[in-house]
Structure formats: structure tokens, C-alpha cells
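Structural overview
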Amino acid sequence: MNPYLDITIRSVCVYFFMIIALRVFGKKQLSQLNTADVILILLISNSVQNAMVGNNTSLYGGIVAALALFIINFAFKKVMAKSDFIKKIVQNTPEILIHNGKIEFDTISKLGISNDELQEAMREHGVEYYKDVKLAMFEIDGSISIISGAENLRQTHHKRRIHKTLGNVNN
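Note on numbering: residues in each chain are counted from 1, in written sequence order. Only residues with pLDDT of 70 or above have their local features reported here, since the model is predicted, and side-chain atom pairs are shown and tallied only from 80 upward, although totals for entire chains, interfaces and linings are computed over all residues. Excluding hydrogens and water, the side-chain values take into account all heavy atoms of the structure.

**Observations regarding the nonpolar core**
When a protein is soluble and globular, its nonpolar side chains tend to lie buried together. The test is simple: Among buried residues, the Ala, Val, Leu, Ile, Met, Phe, Trp, Tyr and Cys ones that are joined through side-chain atoms within 4.5 Å form a nonpolar core. Buried residues are those whose accessible area, probed at 1.4 Å on protein chains only, stays under 20% of the maximum for their type, while exposed residues exceed 50% and partly exposed ones sit between those limits. In what follows, a contact means two residues having at least one pair of non-hydrogen atoms within 4.5 Å.
Ranked by internal contacts, the top residues of the largest apolar core, which has 15 residues, are Leu97, Ile98, Met122, Val133 and Ile146. Beyond its immediate sequence surroundings of up to four residues, isoleucine 98 is in contact with Ile103, Leu118, Met122, Tyr130, Val133, Lys134, Leu135 and Ala136. Ile7, Val14, Val48 and Met52 belong to the second largest nonpolar core, which has six residues in total.

So this is what it looks like as C-alpha cells:
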């Protein structure tokens, strides 16, 4: 077999394995990385490198693997945009965390969102009490968006921050 075709096939297989693994382990892990998660990502990238390129450590082998990943990612996003079935398999759906001031404890528990995380998101949206939240959603990208019931509070979108164990990156 052509060594570059072999690299392409291996790269596509690793890509789909990673899609499945990320789907199984959930979106919360992607939106809030702690030190252990960063280390895991670095180790995974190193471990799958050999699975993609095999013994070929040449510049061309690396370029072929990267090109295969870019192409399959582009094509997969196009397929997801056109197929609700594939999108449903790969992506989660938004989840309601709070509705009209009532906390959805089962959903919060299922997603592993702590009370502190929910309160932090509310504070960042300028909302102090649960009863003031008209709707809080856990979005497909792992962020929490909140719509308040008060007319004087504006609607905002909270992007979950890097875990506190990483410290302040902007120092």
C-alpha cells in the first residue's frame, strides 16, 4: 500500500476515534480544562501520533497526516450541517438548568455542574438569586447562558473559564 494513503487512512481512523471518545466523555470536560485535562490532551496527541503516521516520521508524512485531519474535519462539519441524524449522534443538545427560578437538579447532577459553578455563572450575568433567572441553559459548547427575568438586567452569555488550578493566565 502507498505509505501516504496508509497515513491518510490511519489519520481518519484516529479522527473518528477521538470524535467518539469526546462524545462519550462529554462536553463539560471541553469547556473547563484543569491541569489534568491539559496533560491528558498532550499525552493523547503524543500517543495517537504513531497510530497516524506509523514509522514514517518524515516531513511529508506529518504534512499528509495534518492535511488528512483538516480535510476530514472540513468534510465532517459539512455532513453534520446537512444531516440532523449525524449531528444528533455527535453533538449533545442544550440542557435547561434553571427555568423560571426553579433549578433542574436532575439535569445539573447529570451534567456534573456544581452549585458554585452555577452561582459563578449567575454572578457573571449580574443575577444574584435563582428566583431572578428566567432561563439558564447549558449550551452545546459547554457554556452557560442565562436570561434574567428582570427588565433592568441585560441578557448575557457566560463562557466557562479555565479551571482555578491553572491560575491566572493573564499575569
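Moving on from the coordinates now.
**So, the packing of aromatic side chains**
Remark: the centre distance and the inter-plane angle together describe each pair of aromatic rings, the angle taken between the planes. Worth spelling out the cut-off: Here the aromatic set is Phe, Tyr and Trp, taking the six-membered ring for Trp, and pairing holds for ring centres within 6.5 Å; pairs whose planes are under 30 degrees apart are stacked, those over 60 apart are edge-to-face, and all others are tilted. By definition, any uninterrupted DSSP run of H or I lasting at least four residues is a helix, any uninterrupted run of E lasting at least two residues is a strand, and each is numbered from the N terminus.
Tallying each qualifying case throughout the model produces three aromatic pairs. Measuring from centroid to centroid gives 6.1 Å for tyrosine 15 and phenylalanine 76, while their planes differ by 80°, and the two rings are edge-to-face. With a gap of 61 residues between them, tyrosine 15 in helix α1 (residues 3–25) and phenylalanine 76 in helix α4 (residues 59–82) connect regions that are remote in the sequence. With relative accessibility at 12%, the residue phenylalanine 76 sits in the buried group.

**Remarks on the pattern of salt bridges**
Keep this limit in mind: When a carboxyl oxygen of Asp or Glu lies within 4 Å of a side-chain nitrogen of Lys or Arg, that pair is called a salt bridge.
The tally for this structure, following the rule as stated, stands at three salt bridges. Ionic pairing is found between aspartate 132 and lysine 131, a salt bridge with its closest N-O pair at 3.6 Å. Exposure remark for lysine 131: the relative accessible area of 62% places this residue in the exposed category.

**Looking at unusual backbone geometry**
The phi dihedral of asparagine 100 falls on the positive side, at around 50°, and the residue is not glycine. With respect to the helices, strands and loops of the structure, asparagine 100 is situated in the loop between β1 (95–99) and β2 (102–103).

**With respect to the environment of serine 109**
Positionally, serine 109 belongs in helix α6 (residues 105–111). Its relative accessible area of 59% is what places serine 109 among the exposed residues. Serine 109 sits twelve residues away from leucine 97 along the chain, and the two C-alpha atoms are 9.9 Å apart.

**Description of the pairing of strand β3 (residues 133–138)**
Spelled out, the test is: Between any two strands, at least two bridges found by DSSP are needed for them to pair.
Summarising the sheet, β1 and β3 pair through four bridges and their orientation is antiparallel. Looking across to β3, one finds that isoleucine 98 is bridged to alanine 136. Across five bridges, β3 lies against strand β4 (residues 144–148) in antiparallel orientation. Bridge assignment links valine 133 to a residue of β4, and that residue is serine 148. Between β3 and β4, which follow one another and run antiparallel, lie five residues, and glycine 142 among them has a positive phi close to 90°.

**Section: the pairing of β1**
Sheet analysis places β1 next to β2, joined by two bridges and oriented antiparallel. Bridge pairing in β2 links histidine 99 to lysine 102. In textbook terms, the turn of a hairpin is the stretch between consecutive antiparallel strands, and for β1 and β2 this stretch comprises two residues, one of which, asparagine 100, has a positive phi near 50°.

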